[in-house]
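Structural features, examined
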Amino acid sequence: AQSVAQPEDQVNVAEGNPLTVKCTYSVSGNPYLFWYVQYPNRGLQFLLKYITGDNLVKGSYGFEAEFNKSQTSFHLKKPSALVSDSALYFCAVSAYNQGGKLIFGQGTELSVKP
Amino acid sequence: GAGVSQSPSNKVTEKGKDVELRCDPISGHTALYWYRQSLGQGLEFLIYFQGNSAPDKSGLPSDRFSAERTGGSVSTLTIQRTQQEDSAVYLCASARAGSTDTQYFGPGTRLTVL
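In short, a report on the structure.

Cut-offs and rules
Residues numbered from 1 in each chain as written. Chains lettered and ligands numbered in written order. Predicted model: local features only at pLDDT ≥ 70, side-chain atom pairs only at ≥ 80, totals over all residues. Heavy atoms only, no water. Contact = heavy atoms within 4.5 Å. Buried area = accessible area lost by both parts, 1.4 Å probe. Salt bridge = Lys/Arg side-chain N within 4 Å of Asp/Glu carboxyl O. Polar contact = N/O pair within 3.5 Å; in protein donor to acceptor, adjacent residues only side chain to side chain. Nonpolar A, V, L, I, M, F, W, Y, C, P; charged D, E, K, R; others polar. Helix = DSSP H or I, 4+ residues; strand = E, 2+ residues; numbered from the N terminus. Buried < 20%, exposed > 50% of the residue type's maximum accessible area, 1.4 Å probe, protein only. Core = buried A, V, L, I, M, F, W, Y, C linked by side-chain atoms within 4.5 Å.

1. A closer look at the interface of chain B and chain A
Taken together, the contact between chain B and chain A spans 18 residues of the former and 19 residues of the latter. The junction of chain B with chain A conceals about 1600 Å² of combined surface from both sides, 55% of it contributed by carbon and sulfur atoms. Connecting chain B to chain A are one salt bridge. Close ionic contact of aspartate 56 of chain B with lysine 101 of chain A constitutes a salt bridge, the shortest N to O distance being 3.3 Å. Applying the counting rule to chain B against chain A returns 10 residue pairs in polar contact (both at pLDDT 80 or more). For the side of chain B that touches chain A, a count of residues per class yields eight nonpolar, seven polar and three charged.

Dropping the structure here:
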């Protein structure tokens, strides 16, 4: 069965510092990995995805993520955090035979302080 | 272009009543998904439609839940005899076609069962 773990409920970062939001996954076969962000009372917004190819994926708003097959991880990173990055972040996984249905982690609340 | 739209944005109903939630996907997207977001369960997959194929209903929590997709476009999620545990935000997403395509989410319908 597929699963995603986001080990931190909350991450606190000072503005201008680098940020990391962690994600590990479990799936049979090759994973398709996604990051979404949710602002208060809004739907999910797509940030980036890994399907195949280069392990480092760049996405919207300066975010990037690195696929690490040996550690089954897909951590989200940004070199310099902004206060406006404060939101709820979800990691999700799918697999080739699952029709695209996403299994989500429980979410990580990112708080960036000035 | 227009994104995924959902209606109503909020729905308050009494226990035991039936409700219908509507989703208008992005034009041309053949894949449509329903998810549920609740405090206790996080984000969970409900049902998936792809073109004219039989839907994947594996995530529906009980037989009180059903969904249809008319003409390959608009979808309606119906909950019969609502229970308090059905209170959640119901999110719809659409994707161009396959399992590697990005899912774009609507703003959601917040359902409150009194």
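2. Some words on unusual backbone geometry
Omega for the peptide link from serine 7 of chain B to proline 8 of chain B comes to -10 degrees, which places this bond in the cis form. Tracing the chain through its elements places proline 8 of chain B in the loop between strand S1 (5-7) and strand S2 (10-13). For tyrosine 61 of chain A, which is not a glycine, the phi torsion comes out positive at approximately 60 degrees. Following the sequence through the fold, tyrosine 61 of chain A ends up in the loop between strand S7 (56-58) and strand S8 (64-68). Using a relative accessible area of 52% as the deciding quantity, one classes tyrosine 61 of chain A as exposed. Phi at arginine 81 of chain B is positive, roughly 45 degrees, even though this residue is not glycine. Position of arginine 81 of chain B among the secondary structure elements: in the loop between strand S7 (75-79) and strand S8 (88-95). Overall, the relative accessible area of 42% leaves arginine 81 of chain B in the partly exposed class.

3. Quick word on the pattern of salt bridges
Pairing of side chains with opposite charge becomes possible as their charged atoms draw close. Residues and elements named next belong to chain B. Under the defined criterion, the tally for this structure stands at six salt bridges over all chains. Among the salt bridges present, the one from arginine 36 reaches glutamate 44, with a minimum N-O distance of 2.9 Å. Relative accessible area serves as the criterion here: at 8%, arginine 36 is assigned to the buried category.

4. Overview of the nonpolar core
Most often, soluble globular proteins have nonpolar side chains that are buried together. Judged by nonpolar contacts, the single largest core of 29 residues is most densely connected at Trp35, Leu47, Leu48, Phe74, Leu76 and Tyr89 of chain A. Every element with two or more residues in this core is listed here: strand S2 (10-14), strand S3 (19-21), strand S5 (31-38), strand S6 (44-50), S8, strand S9 (73-78), strand S10 (87-95) and strand S12 (108-113) of chain A. The greatest single-element share of this core, amounting to five residues, is contributed by S10 of chain A. Judged by nonpolar contacts, the second largest core, of 20 residues, contains Val4, Val19, Cys23 and Leu111 of chain B.

By themselves, these observations are geometric and do not establish any function.
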